[in-house]
Amino acid sequence: MTTTEQNKTIVSEFIEALFTKGDLNAVDDYLAEDFVNNDPPFGASADREGMRSAGALFRSVFPDWHSDLELLVAEGDIVVEQFTAKGTHTGAPIMGVAASGKAVAMAGVNIFRLRDGRIVERWGRLDDLGFRRQLGLAG
């Protein structure tokens, strides 16, 4: 397997572990100590702990949260993931919205940079507006 293919496997395993299985230890297993999240979601910090807290947040709000991989491309040390994550709001409140039992979906694109088999950087764009609309927070 080429390094590029290995990088794709690492990214897909990380997403599956953290966001589909809810395994918060995936942060320790896949992210480098000096990991930087250049676009942290929902006010999380830009380090490994911020990524762990994002995973924990989604699992606490949407206990069945899972990420469906739509596209995974790589070149060298860069892997790009297009996904749609889905879950049912049956857990904790989010952004002041109590659990509604509604199914929600959030599309997004992540760009990861890897070094020596570990993820060292992430850039991403999530459909925040669409997500807020589904929660009833935007028109």
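Residues numbered from 1 in each chain as written. Predicted model: local features only at pLDDT ≥ 70, side-chain atom pairs only at ≥ 80, totals over all residues. Heavy atoms only, no water.

## Quick notes on the overall build of the chain
Each helix and strand in the chain was counted, giving four helices and five strands. For the chain, the α and β elements follow one another from N to C terminus as α-α-β-α-β-β-β-β-α. Since a compact globule built from 139 residues should have a radius of gyration of about 14 Å, the 15 Å found for the chain is in line with a globular shape. Summarising its shape, the C-alpha atoms of the chain cover approximately 45 × 25 × 25 Å along the three principal directions. (Helix = DSSP H or I, 4+ residues; strand = E, 2+ residues; numbered from the N terminus. Rg over C-alpha atoms; globule rule 2.2 N^0.38 Å.)

## Some thoughts on the packing of helix 1 (residues 3-20) against helix 3 (residues 48-61)
Taken N-terminus to C-terminus, the directions of helix 1 and helix 3 make an angle of 50°; their axes are 9 Å apart at the nearest point. Put simply, helix 1 runs oblique to helix 3. Seen from helix 1, the contacting residues are Phe14, Leu18, Phe19 and Thr20; seen from helix 3, they are Met51, Ala54, Gly55, Phe58 and Arg59. Counted by class, the contact of helix 1 with helix 3 contains six nonpolar, two polar and one charged residues. (Axes fitted to C-alpha atoms, helices over the stretch in contact; angles between N-to-C directions. Parallel < 35°, antiparallel > 145°, perpendicular 65-115°, else oblique. Contact = heavy atoms within 4.5 Å. Nonpolar A, V, L, I, M, F, W, Y, C, P; charged D, E, K, R; others polar.)

## Quick notes on empty space enclosed by the protein
Counted under the stated rule, the structure contains one cavity of 30 Å³ or more. At the level of secondary structure, the elements contributing two or more residues to the lining of the largest cavity comprise helix 1, helix 3, strand 3 (78-88), strand 4 (103-115) and strand 5 (118-126). The class makeup of the residues in the lining of the largest cavity is 12 nonpolar, two polar and two charged. (1 Å grid on protein atoms, 1.4 Å probe; cavity = no way out; pocket = protein on both sides within 12 Å on 5 of 7 lines; lining within 4 Å. Points joined across faces, edges and corners; volume = space filled by probe spheres on them.)

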